[in-house]
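Secondary and tertiary structure notes
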Amino acid sequence: MAVVDTSPSLEILVRGPDGFTVWTGPPYSNGQPGIKLERIPCSNAKFSEDGCKLMVMKSDSVISIYDCKSSKELRSFEVPNILGATLSPSGTYLQTFQKASSPQEKNVILWKTETGESVYHLFQKNMTKTTWPSIRFSSDEAVACRMATNEIQFFDTGDFSKGIVNRLRIPGVAAVELSKSPGTHVAVFVPESKGIPASVQIFVCGKDSQSQPVARRSFFRCSTVQLNWNSGSTGLLVVVQSDVDKTNQSYYGESKLNYLTTDGTHEGVVPLSKEGPVHDVQWSCSGSEFAAVYGFMPAKATVFDKKCNPLLELGTGPYNTVRWNPKGKFLCLAGFGNLPGDMAFWDYMEKRQLGTTKAEWSVTSEWSPDGCYFMTATTAPRLQVDNGIKIFHHNGSLYFKQMFDKLYQAEWKPESPYSFGNIAELVKSVDSLKIEENKKQGQGSKSSNPSAKSTSANTPQKPAAYRPPHAKTAEAIQAELFGRGPTQEMSKNALKNMKKREKQKEKKAAEATSGS
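Rules behind the numbers
Residues numbered from 1 in each chain as written. Predicted model: local features only at pLDDT ≥ 70, side-chain atom pairs only at ≥ 80, totals over all residues. Heavy atoms only, no water. 1 Å grid on protein atoms, 1.4 Å probe; cavity = no way out; pocket = protein on both sides within 12 Å on 5 of 7 lines; lining within 4 Å. Points joined across faces, edges and corners; volume = space filled by probe spheres on them. Helix = DSSP H or I, 4+ residues; strand = E, 2+ residues; numbered from the N terminus. Nonpolar A, V, L, I, M, F, W, Y, C, P; charged D, E, K, R; others polar. Polar contact = N/O pair within 3.5 Å; in protein donor to acceptor, adjacent residues only side chain to side chain. Contact = heavy atoms within 4.5 Å. Pairing = 2+ DSSP bridges. Axes fitted to C-alpha atoms, helices over the stretch in contact; angles between N-to-C directions. Core = buried A, V, L, I, M, F, W, Y, C linked by side-chain atoms within 4.5 Å. Buried < 20%, exposed > 50% of the residue type's maximum accessible area, 1.4 Å probe, protein only. pLDDT = per-residue confidence, 0-100.

On to empty space enclosed by the protein. Taken as a whole and assessed by the stated rule, the structure comprises four cavities of 30 Å³ or more. Of the volumes computed, that of the largest cavity is approximately 70 Å³. Counting residues per element, the ones that place at least two in the lining of the largest cavity are strand 3 (35–40) and strand 6 (62–67). Classifying every residue of the lining of the largest cavity gives six nonpolar, one polar and four charged.

Take T261: it is sitting in strand 22 (residues 254–261). A distance of 3.1 Å separates the side chain of T261 from the backbone nitrogen of T265, its partner in a polar contact. Contact partners of T261, with chain neighbours within four places excluded, come to A215, T234, G235 and H266.

Attention shifts here to the sheet that holds strand 22. Here we have four strands laid out as an open sheet, ordered 20-21-22-23, and antiparallel in their pairing. The strands lining the two open edges of the sheet, one partner per strand, are strand 20 (224–229) and strand 23 (267–269). Adjacent strand axes in the sheet meet at a mean angle of 20 degrees, parallel and antiparallel pairs treated alike. Pairing of strand 20 with strand 21 (residues 235–242), which is carried by six bridges, proceeds in the antiparallel orientation. Residue pairing in the sheet places W229 in a bridge with L236 of strand 21.

A few words now on the sheet that holds strand 6. An order of 4-5-6-7 is seen for the four strands of this open sheet, with the pairing classed as antiparallel. Among the strands making up the open sheet, the edge pair consists of strand 4 (44–47) and strand 7 (72–78). Along the sheet, successive strands turn relative to each other by an average axial angle of 20 degrees, direction set aside. With five bridges joining them, strand 5 (residues 53–57) and strand 6 adopt antiparallel strand pairing. Paired with M55 across the strands is I65, a residue of strand 6.

On to the nonpolar core, then. In this structure, I12, I389 and I391 are the most contacted members of the largest nonpolar core, which totals 18 residues. Residue assignment for this core shows that the elements contributing at least two residues are strand 1 (11–16), strand 33 (373–378), strand 34 (387–393), strand 35 (398–404) and strand 36 (409–412). In this structure I391 touches I12, P26, Y28, Y373, F374, M375, L398, Y399, F400 and W412, once residues within four positions along its chain are discounted. Grouped together as the second largest cluster of nonpolar side chains are 16 residues, V200, I202, A215 and V238 included.

So, about the confidence of the model for the protein. Of the residues in the protein, 82% have a pLDDT of 70 or more, and the chain-wide mean is 83. Confidence drops under a pLDDT of 50 for residues 434–462, and excluding neighbours within four residues, the segment shows 63 contacts in the predicted structure. The model gives residues 469–489 a pLDDT under 50, and that stretch makes 18 contacts with residues more than four places away or in other chains.

Put into structure tokens, the structure is as follows:
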């Protein structure tokens, strides 16, 4: 009797100047992705954390919510002067940020996506990385909190009409990170003040919890921190960044990696075997081990257990990024940004390297939800040329490539990794597909987007001319980001320089004529 595969299919959201479309994900029987959702004009699009709903900003004031299974529009919200919007992890709530005309105007609104009614209002002065979203949810939406002045406010996620149900007083709090699964703890960062060192503290969520932290770590020379919770909410990795390096070894300051546990068994620095900055760190899906890329170039990569003991050395290289696949079996080390794009793929379970490759000029990178494919994308406005998508097998071999004149966004539709089969069986089934990849690998889809350029993975491309960031004004880049074409008029300085060059040419020509 044949076994019915109930695993969800992979999907990819692709957004350009004309809007977004949703592709079917790999494997491709004919080397080309299919179109699940036809192009819809928009300025932004984002999936909910569980992949059930899709938020689409269609204009300056209209936001639509789509059901990802049926691809049908569920509800539309009209929000004037909107600057930002985000969905809660399960798509139950939509949070919007509007431009406020006065402090009395409550410019952050929480909407219920099912009914379309607003359930909570508050005022927020500006939108930054540490203050947005204003209301943070745990992955199961059981806990919701907000950072306010000198305190953290907690809400009843089932009934926001109750308002603030609990307050946690923390003088000077500047950043908050709620543990995701489960939402049992909250980590807070308090900067240095009047000679008192900066600190990261962990508190238990809940009305009956004590106001004393269950874990605490203090830091001197600390400007900013990155807080990374593990799955299970038992451990917190803290990357402490200082703007100034006292040893004068780095122009970019210094950074340290610290580790705190909620049971208080460990509060200290992770012992890294090479001096230099901490480039990246990521937990595995189990929450029992984490990978770190650190040290001066060539950087070093190591996998640690939750007691900070080294488990596997991944060698050294031009790396600043680590991506652990959702199944916890494969790792990708990469050097993006100002590095040349080297990538190394590892099988963590078998403790061996699978392959190496390159993905130059990549801006974003992520594993597919089933853990079998790795996608990189070169997107605007970070890079204005060579925009495109590349999809690699788990061993680093190129599977698909498509170039675009302009690409703003490319991301996998989120799915629970547990909804897919065993990773070893998935890899075996992918490898068993008999596709003539030498002919079809890397061919682009025949989509309706005229700006897309299909390219074979084996055909070398002539790189486009480099255009420096200052060649276009910020206004022109912003215009392209929201789907409006840039102006082609010359600036006054450019026109002036062009006329000056023409006069110099005429003068030289006249001198050459008189000399002869």
